[in-house]
Amino acid sequence: MGKKNKQFVEKITAMEDDFAQWYTDVVKQADLVDYGPVRGTMIIKPEGFAIWENIRGELDRQIKETGHSNVSFPLFIPESLLQKEKDHVEGFAPEVAWVTHGGEEELNERLVVRPTSEALFCEYYSKNIHSYRDLPMLYNQWSNVVRWEKTTRPFLRSLEFLWQEGHTAHATYEDAEAEADKMLDVYADVVENHLAIPVVKGRKTEKEKFAGAKYTLTIESLMHDGKALQSGTSHHFGSGFAEAFDITYLDENGEQQHVHQTSWGITTRLIGALIMVHGDNRGLVIPPKIAPTQAMIVPIAQHKEGVLDKAYDLRDRLQNLARVDIDGSDKMPGWKFNEYEMKGIPVRIEMGPKDIEKEQVVLVRRDTGEKEFISLDELEERLPALLDEIQTNLYQKALAHRNEKTSIAKNMEEFEQKLEENPGFIKAMWCGDTACEEKIKEETTATSRCIPFEQETVSETCVCCGKEAKELIYWAKAY
């Protein structure tokens, strides 16, 4: 037994030494994914998929609450259909995967493996929207998409990933505007209140917006290493796609009008965000609200009479309060402690012969490592409260880290200095000229993350050119 289990947990590279390797180690050692047979693809294993299911479950609930219906559209898009919206196809051209043969026969027309489904939904809307009574049309689909990325990393950027994509059609520009705002708020709620990741809400610049959109709204998060991650986007298309695909309706006056559309999506890269915001050198740390297992019972000296029975009784008693599991395997307790710390389970419940005698258990928090002894009479009240405390603590810790990693720069010298000394978000003013945005990226590799809704004036002049500033931007190096 001792020899078989002597190596409790495989080594994880310290994040301070090599953050990229730390991330890869955690993803692999926590058993979230395996690499697929094609470069840049991943097999999401049960541990990883269970996290995605909980994120998806909460988001799906809120999507349905806001009046949307789930649908499923095809995987393939004819080339002629994709070509209908010029800006859109140009934006995705470098990333598309083409199907040229069906069996042994060459196809008459190439097919795209969907990188996104705007063209398919637009074609559908053009055939199924006729009157103002058909509007709004509020659809969402859960699917996989393919984007032929040059550089890949599990969850963060892969050739194929899972997501939801909402597609809606409205009678007016204002209705679509309200929809884009509403869905961004839904995303912010899920990411902040369930994944415990603070976000900055704002609008992308013209350079960074979605191809074919009037504008793009975004939620931006900051990872532990000071890089930003775009965590969800909501796009207002105006009537551009409707004009390209001839999507019209008769209004209440009997006049022909083009619809106004939105699109919005969140992907499995949120799991990457969760790892990089909350993880530590012992592995994953999963917020209780989306943890597949919220508490793991580890029997101590389980070979002694009655211990295992009591542990299973405890699991059954707690099932209605939290997602509780038990490890009754013959592995040593030390191995189990390390295993469930690695997998980020929020609470470990230890119970041995002495605890049974005293009618108590030991609760161990994953986020702080703190232990507390709780009598069995108080456990049903204490466990839910402890899970809430951990959820709140993880958010507050991430918020404090983001605040610590947010700097202000008034000129390029300060910008480069802050980026070097304290990598993270840099708040700086911008004149609105794309040339300045491109120059900053060229000289520092930092990009504009968003024009935040909550504006402030940190300087009167543009950080790059020194001309009169128009608005504040959050800048950062990003994944």
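That block above? That's the structure.
The following paragraphs examine the structure supplied in this document. (Residues numbered from 1 in each chain as written. Predicted model: local features only at pLDDT ≥ 70, side-chain atom pairs only at ≥ 80, totals over all residues. Heavy atoms only, no water.)

Next up on the list: the sheet that holds strand S9 (residues 200–203). With respect to topology, eleven strands assemble into an open sheet ordered S3-S7-S8-S14-S11-S10-S9-S22-S23-S21-S20, the strand pairing being mixed. Looking at the sheet topology across the chains shown, the edges are occupied by strand S3 (69–70) and strand S20 (406–408). One ladder, built from two bridges, connects S9 with strand S22 (residues 447–452); its direction is antiparallel. Within S22, the position partnered with glycine 202 by the bridge is proline 452. Against the sheet, helix H12 (residues 376–404) engages S9, strand S10 (215–222), S20 and strand S21 (425–430), with an angle of about 25 degrees to S20. Across the sheet, helix H13 (residues 412–421) lies against S20, S21 and strand S23 (471–476), angled at about 170 degrees from S21, the strand it touches most. (Pairing = 2+ DSSP bridges. Helix = DSSP H or I, 4+ residues; strand = E, 2+ residues; numbered from the N terminus. Contact = heavy atoms within 4.5 Å. Axes fitted to C-alpha atoms, helices over the stretch in contact; angles between N-to-C directions.)

This paragraph deals with the packing of aromatic side chains. Counted according to the given criterion, the structure contains 14 aromatic pairs. Taken together, the ring pairs connect Phe73, Phe121, Tyr124, Tyr125 and Tyr139 into an aromatic cluster. Its guanidinium or amino end placed over the ring of tyrosine 215, arginine 203 lies 4.1 Å from that ring's centre, counting from NZ or CZ. Cation over ring: lysine 227 sits above tyrosine 479, and NZ or CZ is 5.0 Å from the ring centre. (Phe/Tyr/Trp six-rings, centres within 6.5 Å; stacked < 30°, edge-to-face > 60°. Lys NZ or Arg CZ within 6 Å of the ring centre and 35° of its normal.)

Scanning all chains against the criterion turns up 30 salt bridges. Put simply, glutamate 79 and arginine 110 hold a salt bridge, and the shortest N to O gap is 2.9 Å. Here glutamate 79, found in helix H3 (residues 79–82), pairs with arginine 110, found in strand S6 (residues 105–113); they are 31 residues apart in sequence, far enough to count as distant. One salt-bridge network, in which partners are shared between bridges, spans Asp280, Arg282, Glu341, Arg348, Glu350 and Arg366. (Salt bridge = Lys/Arg side-chain N within 4 Å of Asp/Glu carboxyl O.)

A contiguous patch of negative charge, built from Glu413, Glu416, Asp433, Glu438, Glu442 and Glu443, is present on the exposed surface. At the level of elements, H13 and helix H14 (434–444) are the ones that each hand at least two residues to the negative patch. By residue number, the principal contributor to the negative patch is H14, which donates three residues. Here glutamate 443 is to be found in helix H14. (Patch = residues over 30% accessible without salt bridge, like charges linked within 9 Å, V, L, I, M, F, W, Y side chains within 5 Å. Areas by Shrake-Rupley, 256 points an atom, 1.4 Å probe, with all protein chains shown as cover. Lys, Arg positive; Asp, Glu negative; His and termini not counted. Charge placed at Lys NZ, Arg CZ, Asp CG, Glu CD.)

Below, the discussion takes up the side chain of serine 131. Within the secondary structure layout, serine 131 lies in the loop between helix H5 (118–128) and strand S7 (137–146). Assessed through its relative accessible area of 18%, serine 131 is described here as buried. Of note is the side chain of serine 131, whose polar atom sits 3.0 Å from the backbone nitrogen of arginine 133. (Buried < 20%, exposed > 50% of the residue type's maximum accessible area, 1.4 Å probe, protein only. Polar contact = N/O pair within 3.5 Å; in protein donor to acceptor, adjacent residues only side chain to side chain.)

Our next topic: helix H8 (residues 269–278). Judged by how many residues are buried, H8 sits mostly within the fold: ten of ten residues are covered. Those residues of H8 lying buried are Arg269, Leu270, Ile271, Gly272, Ala273, Leu274, Ile275, Met276, Val277 and His278.

The next subject is the pairing of strand S15 (residues 295–299). With five of its five residues buried, S15 lies for the most part within the structure. Burial of S15 is two-sided: the residues Ala295, Ile297 and Pro299 facing one way and the residues Met296 and Val298 facing the other way are all buried. Pairing between S15 and strand S16 (residues 324–326): three bridges, direction parallel. Each residue of the ladder has a partner; that of methionine 296, found in S16, is aspartate 325. As a crossover connection, the stretch from S15 through helix H9 (residues 307–318) into S16 is right-handed. (Right-handed = clockwise from strand over helix to strand, strands pointing away.)

A word on the packing of helix H2 (residues 46–65) against H8. Where H2 contacts H8, the axes come no closer than 10 Å and their chain directions differ by 105 degrees. It follows that H2 is roughly perpendicular to H8 by the angle criterion. Two secondary-structure elements touch here, H2 through Gly48, Ile51, Trp52 and Ile55 and H8 through Leu270, Ile271 and Leu274. Broken down by class, the residue content of the contact of H2 with H8 amounts to six nonpolar, one polar and no charged. (Parallel < 35°, antiparallel > 145°, perpendicular 65-115°, else oblique. Nonpolar A, V, L, I, M, F, W, Y, C, P; charged D, E, K, R; others polar.)

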